[in-house]
Amino acid sequence: QVQLVESGGGLVQAGGSLRLSCAASGPTFRIYAMGWFRQSPGKEREFVAAISWSGGSTAYADSVKGRFTISRDNAKSAVHLQMNNLEPEDTAVYYCAQRSWGTGFGTTEAAYDYWGQGTQVTVSS
């Protein structure tokens, strides 16, 4: 059974940084891609970043490109999202997600089968 637990959210001023972490349990972490999504009040959940099983390939939403960095540590079954130069528009609940099929990574919710409970990120102006 796969379980994902996010941590690292909080309140930060615009221009600040946060590092989100996602701890995964289960035997399949190191062979599937992982992703980060976010959802703001009144909006649909949206793709933020994804990383391949090896960590060799990554993808980012245009809105976070150049500010966010996704990484993973397969030895520790963890994936991280380093968020720099945060903006008020980044305020959302952030979710990590894991695929359970396929060899690539996806940028849509449908590509992922397991989800964490989310961690709140609030950026004040």
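The present account deals with the structure reproduced in this document. (Residues numbered from 1 in each chain as written. Predicted model: local features only at pLDDT ≥ 70, side-chain atom pairs only at ≥ 80, totals over all residues. Heavy atoms only, no water.)

What about the state of the cysteines?
All told, the structure shown has 1 disulfide when counted by the stated rule. Between the sulfur atoms of cysteine 22 and its disulfide mate cysteine 96 the distance is 2.0 Å. Between cysteine 22 and cysteine 96, the S-S dihedral sits near 40°, and the bridge is therefore right-handed. Of this pair, cysteine 22 sits in strand S3 (residues 18–25) while cysteine 96 sits in strand S9 (residues 92–98); the two residues are 74 residues apart in sequence, bridging distant segments of the chain. Assigned by exposure class, cysteine 22 and cysteine 96 land together as buried. (Disulfide = S-S within 2.5 Å. Helix = DSSP H or I, 4+ residues; strand = E, 2+ residues; numbered from the N terminus. Buried < 20%, exposed > 50% of the residue type's maximum accessible area, 1.4 Å probe, protein only.)

Notes on the pairing of strand S1 (residues 3–7)
Burial along S1 is one-sided: the face carrying Leu4 and Glu6 is buried and the face carrying Gln3, Val5 and Ser7 is not. Direction of pairing for S1 relative to S3: antiparallel, over a ladder of 5 bridges. Of the residues in S3, the one forming a bridge with leucine 4 is alanine 24. (Pairing = 2+ DSSP bridges.)

Remarks on the sheet that holds strand S7 (residues 68–73)
Across the sheet, which stays open at both edges, the 4 strands sit in the order S1-S3-S8-S7 with antiparallel pairing between neighbours. Both outer strands of the open sheet, S1 and S7, are each paired with one neighbouring strand and no more. Geometrically, the sheet is characterised by an average inter-axis angle of 15° between neighbouring strands, direction not taken into account. (Axes fitted to C-alpha atoms, helices over the stretch in contact; angles between N-to-C directions.)

Remarks on the pattern of salt bridges
Across all of its chains, the model carries 6 salt bridges by this definition. Residue aspartate 90 is joined to arginine 38 by a salt bridge in which the shortest nitrogen-to-oxygen separation is 2.9 Å. Residue aspartate 90 is located in the loop between strand S8 (78–83) and S9, and its partner arginine 38 is located in strand S4 (residues 34–39); the two are separated by 52 residues in the primary sequence. Under the relative-accessibility criterion, aspartate 90 is labelled buried at 1%. Arginine 38 gets classed as buried once you look at its relative accessible area, which sits at 4%. Between aspartate 62 and lysine 65 there is a salt bridge whose closest N-O contact spans 3.2 Å. Shared partners join several salt bridges into a network, and the residues in it are Arg38, Glu46, Arg67, Glu87 and Asp90. (Salt bridge = Lys/Arg side-chain N within 4 Å of Asp/Glu carboxyl O.)

Digging into the nonpolar core
Most often, soluble globular proteins keep nonpolar side chains buried together rather than apart. The biggest cluster of nonpolar side chains holds 34 residues, and the ones touching the most others in it are Trp36, Val48, Phe68, Ile70, Leu81, Met83 and Tyr94. Secondary-structure elements contributing two or more residues to this core are S3, S4, strand S5 (46–51), strand S6 (58–60), S7, S8, S9 and strand S11 (119–124). Here this core takes 5 residues from S5, the largest share from any one element. Isoleucine 70 has contacts with Met34, Trp36, Ala49, Ala50, Ile51, Thr58, Tyr60, Val79, His80 and Leu81, leaving out every residue within four places of it along the chain. (Core = buried A, V, L, I, M, F, W, Y, C linked by side-chain atoms within 4.5 Å. Contact = heavy atoms within 4.5 Å.)

Distances and angles like these do not, on their own, reveal function.
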